[in-house]
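Observations on the model geometry
Spelled out, the chains give:
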Amino acid sequence: MSAEIASRLRTLIEEGELPPGARIDERAFCELFDVSKTPLREALKVLVAEGLVLHRQYIGYRVAPLDLNELRATFETLHGLEAMAGELAASRLSEVAMARLERKHQAMLDAHTAGRRTDYFRINQEIHQLIIDGAANPVLAGIYATLMSKVHRARGAANADTLRWQESHEEHELIMQALREPGRPRLAQVLRQHSENTAQEVLSVVARSLSEAARPAKVIKQHTKGHP
């Protein structure tokens, strides 16, 4: 049971439903999963060991914050990779791959219309991966995969924001338009702009979560001052 709970919590964290710095209310999650505190705490210990969750005495459990400076540097590199993938995919993307992109895009539209945020985010990532694959450059694909693993959780947090969700949806429409154009001359530019917009929102969400996560510690420190 604890393994199943850990898996469900891990998904919530990675998809942004539980953003960086968010407090994990044990009572609420016991009710949500219909379990006692024992299996929930066992699951949380697993996530603490994985680095996804932090535990502090008097504070409880929180989703682990992200390193803002590392994220910023990672995104700067990803912008260039997205643009490069667009340049290469413009001429190398096959008709079969394009057909798959059209199907994925429609599935993403359906998820957006139905309000299935987790499905939307997953398909969103699959679309980007198809474009990377379409660039037919294994070195680029390897570097991209490594960097994306570093920002996946942060991107999920940003996509959990309703406004950014709508903006992402509109930007993906522009990406598909660029993919459909003869020669795809705008694809690299559109992909880079989408990456930059995503990074701006992600970094803002992370910075806000770091600020909010710091506040309870200060309150508790003042409250316990003078008490061993």
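Anyway, here's the lowdown on the structure attached to this text.

The rules behind these values
- Residues numbered from 1 in each chain as written.
- Predicted model: local features only at pLDDT ≥ 70, side-chain atom pairs only at ≥ 80, totals over all residues.
- Heavy atoms only, no water.
- Helix = DSSP H or I, 4+ residues; strand = E, 2+ residues; numbered from the N terminus.
- Buried < 20%, exposed > 50% of the residue type's maximum accessible area, 1.4 Å probe, protein only.
- Contact = heavy atoms within 4.5 Å.
- Areas by Shrake-Rupley, 256 points an atom, 1.4 Å probe, with all protein chains shown as cover.
- Expected span 1.5 Å × (residues − 1).
- Arc of directions from axis to C-beta.
- Pairing = 2+ DSSP bridges.
- Lys, Arg positive; Asp, Glu negative; His and termini not counted.
- Salt bridge = Lys/Arg side-chain N within 4 Å of Asp/Glu carboxyl O.
- Phe/Tyr/Trp six-rings, centres within 6.5 Å; stacked < 30°, edge-to-face > 60°.

So, on to the overall build of the chain. Regarding its fold elements, the chain presents 9 helices and 2 strands. Walking the chain from its N terminus toward its C terminus, one meets helices and strands in the order α-α-α-β-β-α-α-α-α-α-α. When the 228 residues of the chain are sorted by exposure, 44% land in the buried category. Residue pairs at least 24 apart in sequence account for 75% of intrachain contacts in the chain once pairs closer than 6 positions are excluded. Looking at the chain as shown, the accessible area adds up to about 12,100 Å², and 52% of this sits on carbon and sulfur atoms.

Let us now look at helix H3 (residues 37-50). If you check H3, its first and last C-alpha atoms are 20 Å apart, about what 14 residues at 1.5 Å a residue would give, namely 20 Å. For H3, every residue scored as buried is listed here: Pro39, Leu40, Ala43, Leu44 and Leu47. Each buried residue of H3 lies within a common arc of 140° when the element is viewed along its axis, so the set occupies one face. Facing away from the buried side of H3 by more than 90 degrees, the exposed set consists of Thr38, Lys45 and Ala49. Buried-residue contacts for H3 involve helix H1 (2-14), helix H2 (26-33), strand S1 (53-56) and strand S2 (60-63).

When S1 meets S2, the two strands line up antiparallel, connected through 4 bridges. Counted as the bridge partner of His55 is Tyr61 from S2. Between S1 and S2, which pair antiparallel and follow one another directly, the connecting turn spans 3 residues, one of which, Tyr58, has a positive phi of 75°.

Here we take up the side chain of Arg184. Along the chain, Arg184 falls in the loop between helix H8 (162-180) and helix H9 (187-223). Despite being buried, Arg184 has no salt bridge partner; Glu95 is the closest side chain of opposite charge, sitting 8.2 Å away. Apart from residues no more than four positions distant in its own chain, Arg184 is found in contact with Ala89, Ala90, Leu93, Met98, Ala178 and Leu179.

Its 18 residues give helix H6 (residues 117-134) an end-to-end C-alpha distance of 26 Å, which sits within 8% of 26 Å, the value for a rise of 1.5 Å per residue. For H6, the complete set of buried residues consists of Tyr120, Phe121, Ile123, Asn124, Gln125, Ile127, His128, Leu130, Ile131, Ile132 and Gly134.

Enumeration over the complete set of coordinates arrives at 10 salt bridges. The salt bridge partner of Arg116 is Asp119, with a shortest N-O separation of 2.9 Å. For the salt bridge of Glu196 with Arg192, the shortest nitrogen-to-oxygen distance reads 3.0 Å. Placement of the pair is Glu196 and Arg192 together in helix H9, with a separation of 4 residues, close to one helical turn. A network of salt bridges, in which partner residues are shared, links Lys104, Arg116, Asp119, Arg122 and Glu126.

Bringing the packing of aromatic side chains into the picture now. The final tally for this structure, using the stated rule, is 1 aromatic pair. Considering the side-chain rings of Phe29 and Phe33, the 5.7 Å spacing of their centres and the 40° angle between planes classify their relative orientation as tilted. Taken together, the residues Phe29 and Phe33, both in helix H2 and 4 residues apart, mark about one turn of the helix. Taking the relative accessible area as the measure of exposure, Phe29 reaches 10% and is therefore buried.

In short, the description is geometric, and any link to function would need to be established separately.
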